Amino acid sequence: MRYLALLGSHLSDGITAQYLQAVTSALPETATVETVFLRDYDIYPDTKEKRCPALDEIEAKMAASDFWIICAPTYWGGLPGVMKQFFDCMRFRLVRMTSAGDTLPGKYKDKHYLSMTTCFISSTENFFTGITDQTFVTIDRVMSGAGIIKVGEFVGTGTWGTHGPRESKLAECRRLGAKIADRPRKDDNTLKRYIQLFFMIALMALVTMGLQAWWFGVFAAGKFWLTYATFVIIFYVLLASILHFFTFVRHRRR
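On a predicted model such as this, the values are computed, not experimentally measured, just so you know. (Residues numbered from 1 in each chain as written. Predicted model: local features only at pLDDT ≥ 70, side-chain atom pairs only at ≥ 80, totals over all residues. Heavy atoms only, no water.)

*Asks:* For this particular structure, what's the right way to read the pattern of salt bridges?
*Replies:* For side chains of opposite charge, pairing can occur when their charged atoms come near one another. What the rule picks out here adds up to 13 salt bridges. One salt bridge connects Glu59 with Arg93, and the closest N-O pair in it is separated by 2.6 Å. On the criterion of sequence distance, the pair formed by Glu59 in helix 2 (residues 53-64) and Arg93 in helix 4 (residues 91-94) is long-range, its members being 34 residues apart. Neither residue differs from the other here; Glu59 and Arg93 are each classed as buried. A salt bridge links Lys150 to Asp140; its shortest N-O distance comes to 2.9 Å. Of this pair, Lys150 sits in strand 7 (residues 149-156) while Asp140 sits in helix 6 (residues 133-145), and the two are ten residues apart along the sequence. Each of Asp46, Arg51, Asp56, Glu59, Arg93 and Lys107 takes part in one network of salt bridges that share partners. (Salt bridge = Lys/Arg side-chain N within 4 Å of Asp/Glu carboxyl O. Helix = DSSP H or I, 4+ residues; strand = E, 2+ residues; numbered from the N terminus. Buried < 20%, exposed > 50% of the residue type's maximum accessible area, 1.4 Å probe, protein only.)

*Asks:* Before we go on, may I ask you to explain helix 1 (residues 15-25) in this structure?
*Replies:* Along an α-helix, a turn takes 3.6 residues, which lines up residues three or four apart on a common side. With eight of eleven residues buried, helix 1 lies mostly within the body of the structure. All of the buried residues in helix 1 are Ile15, Thr16, Ala17, Tyr19, Leu20, Ala22, Val23 and Thr24.

*Asks:* How should I be thinking about the packing of aromatic side chains in this particular structure?
*Replies:* Two aromatic rings are characterised by how far apart their centres lie and by the angle between their planes. Going through the model one piece at a time under the given rule, you end up with eight aromatic pairs. Relative to Phe87, the ring of Phe86 lies with its centre 6.0 Å away and its plane at 40°, an arrangement referred to as tilted. Taking the relative accessible area as the measure of exposure, Phe86 reaches 1% and is therefore buried. (Phe/Tyr/Trp six-rings, centres within 6.5 Å; stacked < 30°, edge-to-face > 60°.)

Written out as structure tokens, the structure is:
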């Protein structure tokens, strides 16, 4: 297995880099591991007259790797400029564009990646404010557009005023390194998701009808519209609550 870590921080030896090092150090000795510190490269967009040599070099490393680790701190609630600049300039190398401007997965489709970030605030504060959410959203949007499959993510919180990484977070990084050590399989969870969706709908319908019968007693003859109206309202509230949980609350990073 060949692993490539893309580090988009301001420091090559800062806390973010040390968390990344903890992940890569847990990989097998037989693995080929390389870290690209993006600040070492003169990255600019390709033009019709000239391709960017730095992008050519990094792209060759990405193509030769089986697994990518995307690592960058969170600044101002999002990705730092060096990582965002890299993603922007790599756009047409990562994806295929149709004549209508649609984005399709490119030649890296079905590779795998791990995303990592750090932030100043505490785990509890990050859970409630979601300051790192946009960082992960941007990384995931780029990777999913390119057809890359996500294996996991890490957030190192509470970096403000510290002189080194937290041991508990280093241990989490080492566990992630062990998790990605084996060759990942292609994402084949589509059937599983449809089965989960079926049971979610079946459960919501059962709860909805149960609440109708218990609270409103609307299953008596001649109460069709009351049955229908209460079913729609209760089902909507339940569905909205579940979607809110899985979209926002469940993905809050500690």
